[in-house]
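Structural overview for review
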Amino acid sequence: MSDSQHNLTVLISGNGSNLQALIDACTSGKLPNTRITHVVSNRKAAYGLERAVKASIATTYHNLVPYKKKHPENTDTARQQYDADLAAIILALDPRPSLIVCAGWMHIVTPSFLTPIAQAGIKIINLHPALPGEFAGAGAIERAWKAGQEEGLKRTGVMIHEVIAEVDAGAAIVTQEVELREGEGVDGLEERMHAVEHGLIVEGTRRVLEGMSR
Ligand SMILES: Nc1nc2c(c(=O)[nH]1)N[C@@H](CN(C=O)c1ccc(C(=O)N[C@@H](CCC(=O)O)C(=O)O)cc1)CN2
Ligand SMILES: NCC(=O)N[C@@H]1O[C@H](COP(=O)([O-])[O-])[C@@H](O)[C@H]1O
């Protein structure tokens, strides 16, 4: 097995607690020979950007609004140009990432991003707070909690999956079930889900990188 260095680019949109879990895992050796070399946020106020700066990781703020202003007539054109530019930004990085990790990245990427990244041989993985085939999209934790309240759902979970054009439909890399507890509020479920996320995002990243090293 080679000891080649793995470079990660992490995409975020918010608090960055999952980014922090990855930062800590690189430092602790849970992700051996791995460093986060770039963090991209689509939101300027994302606290995850501060986490990156504190960890001396380069950051980019890449916002969709200017693209929507330039293409007011067509949101699809705006999104495609935004995505194409995001791919160009990442492909211009030196070193290029071996893996892109979506860690609370709240933007659906189109083939304008996926295709050039795939052509460069770079895999993209995503953290999603649901199990395969369930609660795809935003607000998954709240939707699962509501299903527990109203439909008797007994469990939800968290997965790390490959990113494809269809949202949250890529092959699962690792999953972990999380029980739904009677009488627990949505905040309590969110807290337990986030704790699972922080471990699973490291394990999922480790498994993918390990597969690259074989
Ligand atoms: N093509 C793909 N893009 C993304 C995937 C994916 O599997 N395929 N995973 C998501 C992450 N995600 C859930 O895990 C997710 C994030 C955001 C949304 C969404 O509806 N976004 C809206 C904007 C919402 C907002 O800005 O608050 C949108 O993009 O219009 C759905 C799923 C990352 N991208
Ligand atoms: N569809 C993806 C999605 O909903 N991801 C959610 O974004 C949060 C990001 O938290 P963080 O910014 O603290 O890592 C995560 O907790 C996860 O549940």
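For the structure itself, look to the data block above.
Below you will find a few notes about this structure. (Residues numbered from 1 in each chain as written. Chains lettered and ligands numbered in written order. Predicted model: local features only at pLDDT ≥ 70, side-chain atom pairs only at ≥ 80, totals over all residues. Heavy atoms only, no water.)

The next point concerns the layout of surface pockets. The calculated volume of the largest pocket comes to roughly 740 Å³. As for the largest pocket, its lining consists of 35 residues, and the residues nearest its centre are Gly104, Trp105, Met106, Leu127 and Pro129. Secondary-structure elements contributing two or more residues to the lining of the largest pocket are α1 (17-28), β5 (123-128), α6 (140-151) and α7 (186-213). Taken together, the residues of the lining of the largest pocket sort by class into 16 nonpolar, 14 polar and five charged. (1 Å grid on protein atoms, 1.4 Å probe; cavity = no way out; pocket = protein on both sides within 12 Å on 5 of 7 lines; lining within 4 Å. Points joined across faces, edges and corners; volume = space filled by probe spheres on them. Helix = DSSP H or I, 4+ residues; strand = E, 2+ residues; numbered from the N terminus. Nonpolar A, V, L, I, M, F, W, Y, C, P; charged D, E, K, R; others polar.)

Moving on, we come to the site of ligand 2. Ligand 2 sits among 14 residues. The nearest are Gly16, Ser17, Asn18, His194 and Glu197. Here an oxygen atom of ligand 2 and a backbone polar atom of Asn15 are 3.3 Å apart. Taking His194, its side chain carries an N or O atom lying 3.0 Å from an oxygen atom of ligand 2. Contact with the protein chains hides 87% of the accessible area of ligand 2, taken as 450 Å² for the molecule alone. Among the secondary structure elements, those contributing two or more residues to the shell around ligand 2 are α1, β5 and α7. A breakdown of the residues in the shell around ligand 2 according to their chemical character gives four nonpolar, nine polar and one charged. (Near = heavy atom within 4 Å. Polar contact = N/O pair within 3.5 Å; in protein donor to acceptor, adjacent residues only side chain to side chain. Areas by Shrake-Rupley, 256 points an atom, 1.4 Å probe, with all protein chains shown as cover.)

A regular strand carries its side chains on alternate faces of the sheet. Relative to strand β3 (residues 58-61), strand β2 (residues 34-41) runs parallel, the two being bridged by four bridges. The partner of His38 across the bridge, within β3, is Ala58. Between β2 and its parallel partner β3, the chain crosses via helix α2 (residues 47-54), and the hand of that crossover is right-handed. (Pairing = 2+ DSSP bridges. Right-handed = clockwise from strand over helix to strand, strands pointing away.)

What follows deals with the environment of Asn18. Tracing the chain through its elements places Asn18 in helix α1. Since its relative accessible area comes to 7%, Asn18 is described here as buried. In this structure the C-alpha to C-alpha distance between Asn18 and Gly199, which are 181 residues apart in sequence, comes to 8.7 Å. (Buried < 20%, exposed > 50% of the residue type's maximum accessible area, 1.4 Å probe, protein only.)

With 35 residues, the main nonpolar core has Val10, Leu19, Leu22, Ile36, Val39 and Ile201 as its most contacted residues. With eight residues, α7 is the single largest residue contributor to this core. With residues up to four places along the chain from it excluded, the contact list for Leu22 reads Val10, Leu31, Ile36, Val101, Ile201, Val202 and Thr205. If you look at the next biggest cluster of nonpolar residues, it comprises 21 residues, including Ala87, Trp105, Phe113 and Ile122. (Core = buried A, V, L, I, M, F, W, Y, C linked by side-chain atoms within 4.5 Å. Contact = heavy atoms within 4.5 Å.)

Taking strand neighbours across the sheet as the criterion, the seven strands line up as β3-β2-β1-β4-β5-β6-β7 in an open arrangement whose pairing is mixed. In the strand order of this sheet, the two ends are held by β3 and β7 (172-179), each with one partner. Across the sheet, the axes of successive neighbouring strands diverge by a mean angle of 20°, strand direction being ignored. As paired strands, strand β1 (residues 6-12) and strand β4 (residues 99-102) are joined by four bridges and run parallel to one another. Within the sheet, the bridge partner assigned to Thr9 lies in β4 and is Ile100. Together, β1, β2 and β3 form the strand contacts of α2, whose direction differs from that of β3 by roughly 155°. (Axes fitted to C-alpha atoms, helices over the stretch in contact; angles between N-to-C directions.)

Before going further, it helps to spend a moment on the state of the cysteines. Every disulfide links exactly two cysteines, by a covalent bond between their sulfur atoms. Throughout the structure, instances matching the rule amount to zero disulfides. Cysteine Cys26 remains unbridged, with the sulfur of Cys102 as its closest cysteine sulfur at 16 Å. (Disulfide = S-S within 2.5 Å.)

Here we come to α2. Residues Gly48, Leu49, Arg51 and Ala52 constitute the buried set of α2. Buried residues of α2, viewed axially, fall in a sector of 155°; they line one side. Exposed residues lying more than 90 degrees from the buried face of α2 are Val53 and Lys54. Elements in contact with the buried residues of α2: β1, α1, β2 and β3. Positive phi shows up at Ser56, right after α2, with a value of about 60°. (Arc of directions from axis to C-beta.)

Turning our eyes to something else, we now look at the environment of Asp187. The topology assignment puts Asp187 in helix α7. For Asp187 and Trp145, which are 42 residues apart along the polypeptide, the C-alpha to C-alpha distance reads 9.6 Å.

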